[in-house]
Amino acid sequence: MSVLVLVLAVSAACCLGFGFVLQQAAAAHAPKSDYLSPRLLLDLMRVPSWLAGIGLMVCGMGLGALALGKGEVSVVEPLLATNLLFAMTLSRHRTGQRLGRQGWSGLWLLAGGVTAFLLAGRPQGGEAVTDPLRHWLVVGMVVAPALLLTTIAKRSRSGVAPALLAVAAGLLYGLQDALTRLSGQRLSEGGWTVLMTSWQPYAVVVLGVTGLLLVQSAFETGPLRVSLPPLTASQPLAGIACGVGFLGDRLRTDSVALAWQAAGLVAIVVGIVLLGLHPAMPEGPVDRRREKSLQPN
């Protein structure tokens, strides 16, 4: 892993983490009638703090795309998962909460898990798979659960709905990252003509907008501590699966390496959950006066 990829990925995680906090603070006050509707994005566009959060997220995605263009998805995705550390930093500053045992445990588990996975797996790039059937099979294995989770969340509107939507968005974002890297490869190999006649860049846009709607709906209906951990945990898992599935990423497969990789992924997920449930993460209560101000005239 090059220093440039590390700097780009961590910088992307910083922008994403800060952006998520600002977005959730605004989305928590959006009208509940906008749930899973494009109207939600239109209403939030009138909130300056949300626009600032989106600006940071766009910067993060841009930096992430640069990192994906120079490194393997299986390397970049675990590093992007550290966005929760930056979200925790901003939330802690806003709430004044100390990290305590739970916060430090989550921090070290997340950082240690990323380190263990990268050192044990030693991800290396390879030749992208050209078999269309395998491409669509992997895409279907990611999109189908996302659609199922979204359907359940839309029908139930229960307390677990934000987490379900966040997992669905994370799956789509992981697939988006893989297709972003594939689009970059097509651009470098065949130029703009080859890129614009491929389906991947258009899928990247659709996945990005859909994921954004799911994330904002999750932020609207639940606190950050409920939505951000599953979002942060599911994205790298989906991205790594796509990287190995059709991008040709290779990981060490001996028993010791696989054990450390599994332990690293478990540590990442547990660390994310501990940080997400930390009291420093804002509850995001709904302010009814703010809700009325967002209602369309």
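Residues numbered from 1 in each chain as written. Predicted model: local features only at pLDDT ≥ 70, side-chain atom pairs only at ≥ 80, totals over all residues. Heavy atoms only, no water.

What is the right way to read the overall build of the protein chain from this model?
Secondary structure summary: the protein chain contains twelve helices and zero strands in total. Beginning at the N terminus, the succession of helices and strands in the protein chain can be written as α-α-α-α-α-α-α-α-α-α-α-α. Put simply, the protein chain has 297 residues, and 52% of those count as buried. Entry remark: accessible area of the protein chain is about 13,500 Å², with carbon and sulfur atoms responsible for 68%. (Helix = DSSP H or I, 4+ residues; strand = E, 2+ residues; numbered from the N terminus. Buried < 20%, exposed > 50% of the residue type's maximum accessible area, 1.4 Å probe, protein only. Areas by Shrake-Rupley, 256 points an atom, 1.4 Å probe, with all protein chains shown as cover.)

Can you help me understand the packing of helix α4 (residues 73–80) against helix α10 (residues 224–246) in this one?
Axis angle and axis distance: for two packed helices, these are the angle between their axes and the distance between the axes, and together they describe the pair. Contact geometry for α4 and α10: axes closest at 8 Å, N-to-C directions at 175°. By the criterion of interaxial angle, the relationship of α4 to α10 is roughly antiparallel. Residues V73, S74, E77, P78 and L80 of α4 form the contact with α10, whose participating residues are Q235, P236, G239, I240, G243 and V244. Across the contact of α4 with α10, the residue classes tally to six nonpolar, four polar and one charged. (Axes fitted to C-alpha atoms, helices over the stretch in contact; angles between N-to-C directions. Parallel < 35°, antiparallel > 145°, perpendicular 65-115°, else oblique. Contact = heavy atoms within 4.5 Å. Nonpolar A, V, L, I, M, F, W, Y, C, P; charged D, E, K, R; others polar.)

When you look at a nonpolar patch on the surface in this model, what are you seeing that I'm missing?
On the surface, L187, W192, M196 and Y202 cluster together to form a nonpolar patch covering roughly 430 Å² of accessible area. Here the nonpolar patch takes three residues from helix α8 (residues 161–196), the largest share from any one element. (Patch = residues over 30% accessible without salt bridge, like charges linked within 9 Å, V, L, I, M, F, W, Y side chains within 5 Å. Salt bridge = Lys/Arg side-chain N within 4 Å of Asp/Glu carboxyl O.)

It is not clear to me how the packing of aromatic side chains should be interpreted in this structure. Could you clarify?
Geometrically, a pair of aromatic rings is defined through the distance of the ring centres and the angle of the planes. Counted according to the given criterion, the structure contains three aromatic pairs. Their ring planes at 90° and their centres at 6.3 Å tell us that F18 and F86 sit as a pair that is edge-to-face. On the criterion of sequence distance, the pair formed by F18 in helix α1 (residues 3–27) and F86 in helix α5 (residues 83–95) is long-range, its members being 68 residues apart. With a relative accessible area of 25%, F18 lands in the partly exposed category. Take F86: its relative accessible area is 22%, and that puts it in the partly exposed class. (Phe/Tyr/Trp six-rings, centres within 6.5 Å; stacked < 30°, edge-to-face > 60°.)

Is there a simple way to think about the packing of helix α3 (residues 48–70) against α8 in this case?
Following both chains from N to C, one finds α3 and α8 inclined at 50°, their axes separated by 9 Å at the closest point. Relative to α8, the element α3 is oriented oblique. Helix-helix and strand crossings are classified by hand; for α3 and α8 the assignment is right-handed. For the pair formed by α3 and α8, the contact residues are M57, M61, A65 and L68 on the first element and Y173, Q176, D177, T180 and R181 on the second. Broken down by class, the residue content of the contact of α3 with α8 amounts to five nonpolar, two polar and two charged. (Left-handed = near helix turned anticlockwise from the far one by under 90°.)

Looking at this structure, I do not really get the pattern of salt bridges. What am I missing?
Should the charged atoms of two oppositely charged side chains come close, the side chains can pair. Using the criterion set out here, one finds two salt bridges in the structure. Here D43 and R46 are joined by a salt bridge, their closest N and O atoms 3.4 Å apart. Under the relative-accessibility criterion, D43 is labelled buried at 7%. Among the ionic pairs, R252 bridges to D254, the shortest N-O distance being 3.3 Å. Note on R252: relative accessible area 32%, which makes it partly exposed. Residue classification places D254 among the partly exposed positions, given a relative accessible area of 33%.

Please clarify how the environment of L213 should be interpreted in this entry.
With respect to the helices and strands, the residue L213 is situated in helix α9 (residues 200–221). For the pair formed by L213 and A169, sequence separation is 44 residues and the distance between their alpha carbons is 8.5 Å.

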